[in-house]
Amino acid sequence: MAKSLHISSFLLTLLILTSALSFSLITAKKPKSRDGYSRVLSPATLRLKKEKLSHLRFYFHDIVAGPNPTAVQIVRAPSTNLSSTGFGMVAMIDDPLTAGPEPTSKLVGRAQGIYGSASLGDVGLLMALNFAFVDGRNAVMSPVREMPVVGGSGVFRFARGYAQARTRKFNLRTGDAVVEYNVYVFHY
């Protein structure tokens, strides 16, 4: 009986130790950095508030003709003229964004970027744009600039957040620059 009690005690102790070890392995904190340049942050450290959903409505004026175009063709493939969709055309834009549909309505920002005709079958555009609202934009000479992060790959798949850029050095003659980026992203 004493031997049986001793074995039961041993098994109970072993079970408790195994459970404690399993629990500590499951609840162990993840390493702060896997690669030396990133770390996991608590949203509370950035004083993030509950997310909001905002609806923005503005009018995009893409002006390709006349004396002051805001969209300028920069690339045209030899076959673009033969395509019913304009396939192969690429344009650089700095289009006004207004509060109303009339070009004279209040300017709320500018759409700056590039678009190209990317479909053989119908008119389909590939667009990469910054919406530079009057209240904020990525002006190179600003002390701090903010840009969105939308997407990523690998560990940053489905990432979303923002980046802050600070120009540390800029040579006007050569165009060389050193820019510090601080990037904050939510990811899985």
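An unreviewed UniProt entry lists the protein chain under the name Dirigent protein, with Linum tenue given as the organism. UniProt, in the comment section headed Subcellular location (unreviewed entry), describes the protein chain in these words: "Secreted, Extracellular space, Apoplast". Quoted verbatim from the Sequence similarities (unreviewed entry) heading of the UniProt record, the comment on the protein chain is "Belongs to the plant dirigent protein family."

**Q** I tried to follow the overall build of the protein chain on my own but got confused; where do I start?
**A** Counting its secondary structure elements, the protein chain contains one helix and eight strands. Across the 188 residues of the protein chain, 16% fall into the buried class. Pairs at least 24 residues apart make up 39% of the contacts formed inside the protein chain by residues separated by at least 6 positions.

**Q** Before we go on, may I ask you to explain the nonpolar core in this structure?
**A** Side chains of a nonpolar character, in soluble globular proteins, are inclined to be buried together. Core analysis: the largest hydrophobic core is formed by seven residues, namely Ala71, Met89, Ala91, Ile93, Leu97, Ala111 and Tyr115. Elements supplying a minimum of two residues to this core: β3 (90-98) and β4 (107-117). In terms of residue count, β3 provides more of this core than any other element does, three residues in total. Here alanine 71 is in contact with Asp62, Ile63, Val64, Met92, Ile93, Asp95 and Tyr115, once residues within four sequence places are set aside.

**Q** Which parts of the structure should I look at to understand a nonpolar patch on the surface?
**A** On the surface, Phe60, Val123, Leu125, Met127 and Phe131 cluster together into a nonpolar patch covering about 460 Å² of accessible area. Per-element tally for the nonpolar patch: the top contributor is strand β5 (residues 125-133), with three residues. Of note, methionine 127 is situated in strand β5. Judged by its relative accessible area of 41%, methionine 127 is partly exposed.

**Q** When you look at the pattern of salt bridges in this model, what are you seeing that I'm missing?
**A** Oppositely charged side chains may form a pair once their charged atoms are brought near each other. Applying the stated criterion across every chain yields a total of two salt bridges. Between arginine 110 and aspartate 94 there is a salt bridge, with the nearest N and O atoms lying 2.8 Å from each other. Here aspartate 94 lies in strand β3 and arginine 110 lies in strand β4, a separation of 16 residues in the sequence. A salt bridge links arginine 168 to glutamate 180, with the nearest nitrogen and oxygen atoms 2.3 Å apart. With arginine 168 in strand β7 (residues 160-170) and glutamate 180 in strand β8 (residues 177-186), this residue pair connects regions lying 12 residues apart in the sequence. Take arginine 168: its relative accessible area is 51%, and that puts it in the exposed class.

**Q** Would you mind showing me how to read the sheet that holds β7 here?
**A** Pairing between sheet strands relies on hydrogen bonds along the backbone, with the strands arranged either parallel or antiparallel. Strand order in the open sheet made by the three strands is β6-β7-β8, with antiparallel pairing throughout. Two strands bound the open sheet, and with one partner strand each, they are β6 (145-150) and β8. If you compare each strand with its neighbour and ignore which way they point, the axes differ by 25° on average. Across six bridges, β6 lies against β7 in antiparallel orientation. Among the inter-strand pairings, valine 150 is bridged to a residue of β7, identified as arginine 160.

**Q** Sorry, what's going on with the side chain of glutamine 164 here?
**A** Of note, glutamine 164 is situated in strand β7. For glutamine 164, a relative accessible area of 18% corresponds to the buried category.

Reading the values: the criteria
- Residues numbered from 1 in each chain as written.
- Predicted model: local features only at pLDDT ≥ 70, side-chain atom pairs only at ≥ 80, totals over all residues.
- Heavy atoms only, no water.
- UniProt positions renumbered as here; feature names shortened; annotations may be inferred.
- Helix = DSSP H or I, 4+ residues; strand = E, 2+ residues; numbered from the N terminus.
- Buried < 20%, exposed > 50% of the residue type's maximum accessible area, 1.4 Å probe, protein only.
- Contact = heavy atoms within 4.5 Å.
- Core = buried A, V, L, I, M, F, W, Y, C linked by side-chain atoms within 4.5 Å.
- Patch = residues over 30% accessible without salt bridge, like charges linked within 9 Å, V, L, I, M, F, W, Y side chains within 5 Å.
- Areas by Shrake-Rupley, 256 points an atom, 1.4 Å probe, with all protein chains shown as cover.
- Salt bridge = Lys/Arg side-chain N within 4 Å of Asp/Glu carboxyl O.
- Pairing = 2+ DSSP bridges.
- Axes fitted to C-alpha atoms, helices over the stretch in contact; angles between N-to-C directions.

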